[in-house]
Amino acid sequence: MPQDLVEHGQSPTLRPATVDDLPALDAMMQQAITRLQADVLSSAQIEASRAIMGLDRQLVADGTYFVAMLGDALAGCGGWSKRATLYGGDHSTALREPRLLDPATEPARVRAMYTAPGFARRGIGRAVLAHCEAAAQAEGFSAVELMGTLAGLPLYLAAGYAVIEEVIDDRGGAPVPLKRMRKVL
């Protein structure tokens with residue numbers, strides 16, 4: 001398989017996620033959390049990150065969550081939101097802020113970016129991120145923010161995001177370092 005699929009003419013097919021995708025997305029997210037953070041977090045931090053990461057069905061319901069496929073293979077997923085919640089899965093209710101953002105004064109949110117471990121660092125995340133940014137811009141947003149993990153940091157920096165805040169989230173029992181990042185579109 002080529003090092004960078006997107007640069008070698010194998011761009012993923014992106015489509016809106018559906019309720020039928022949720023079991024496969026959840027399984028892929030759990031694999032990504034476990035395997036793709038192993039180089040940057042301890043085992044305790046990886047387990048703790050499950051308390052603040054994962055599937056957010058609100059994004060699917062809003063039609064702003066996308067599945068990236070390469071042929072029949074689920075290669076990744078990610079979305080954007082016009083809601084104020086910055087990060088977290090269905091189970092992280094303390095992080096919920098469902099109010100709608102004002103595109104004239106607030107940045108959209110990039111949310112729940114995951115790449116299947118077998119497709120990591122091959123352009124999938126970059127393709128999903130660009131798709132989300134374009135969709136947010138089409139809805140009138142001039143900037144986007146996200147809460148980046150250490151594993152995702154290289155992608156976001158390469159895509160033009162700047163760190164605006166360093167956060168330690170210990171809701172899962174161990175301190176998980178995160179980076180709040182922003183990009184002007």
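Asks: Is there a simple way to think about helix H4 (residues 124-138) in this case?
Replies: With 15 residues, H4 ought to run about 21 Å at 1.5 Å a step, and its terminal C-alpha atoms sit 21 Å apart, in line with that. Listing the buried residues of H4 in full gives Ile124, Gly125, Val128, Leu129, Cys132, Glu133 and Ala136. Projected down its long axis, H4 shows its buried positions confined to an angular sector of 160°, all on one face. In the stretch just after H4, Gly140 is the one whose phi turns positive, near 100°.

Asks: Would you take a moment to explain the pairing of strand S2 (residues 65-70) for this structure?
Replies: A regular strand places its side chains so that they alternate between the two faces of the sheet. Of all 6 residues that make up S2, 6 are buried, and the element is covered over most of its length. On S2, burial covers both faces: Tyr65, Val67 and Met69 on one face and Phe66, Ala68 and Leu70 on the other are all buried. Strand direction decides the pairing type here: S2 and strand S3 (residues 73-81), joined by 6 bridges, are antiparallel. Bridging across to S3, Ala68 finds its partner in Gly76. Between S2 and S3, which pair antiparallel one after the other, the connecting turn spans 2 residues, and Gly71 there sits at a positive phi close to 65°.

What counts as what
- Residues numbered from 1 in each chain as written.
- Predicted model: local features only at pLDDT ≥ 70, side-chain atom pairs only at ≥ 80, totals over all residues.
- Heavy atoms only, no water.
- Helix = DSSP H or I, 4+ residues; strand = E, 2+ residues; numbered from the N terminus.
- Expected span 1.5 Å × (residues − 1).
- Buried < 20%, exposed > 50% of the residue type's maximum accessible area, 1.4 Å probe, protein only.
- Arc of directions from axis to C-beta.
- Pairing = 2+ DSSP bridges.

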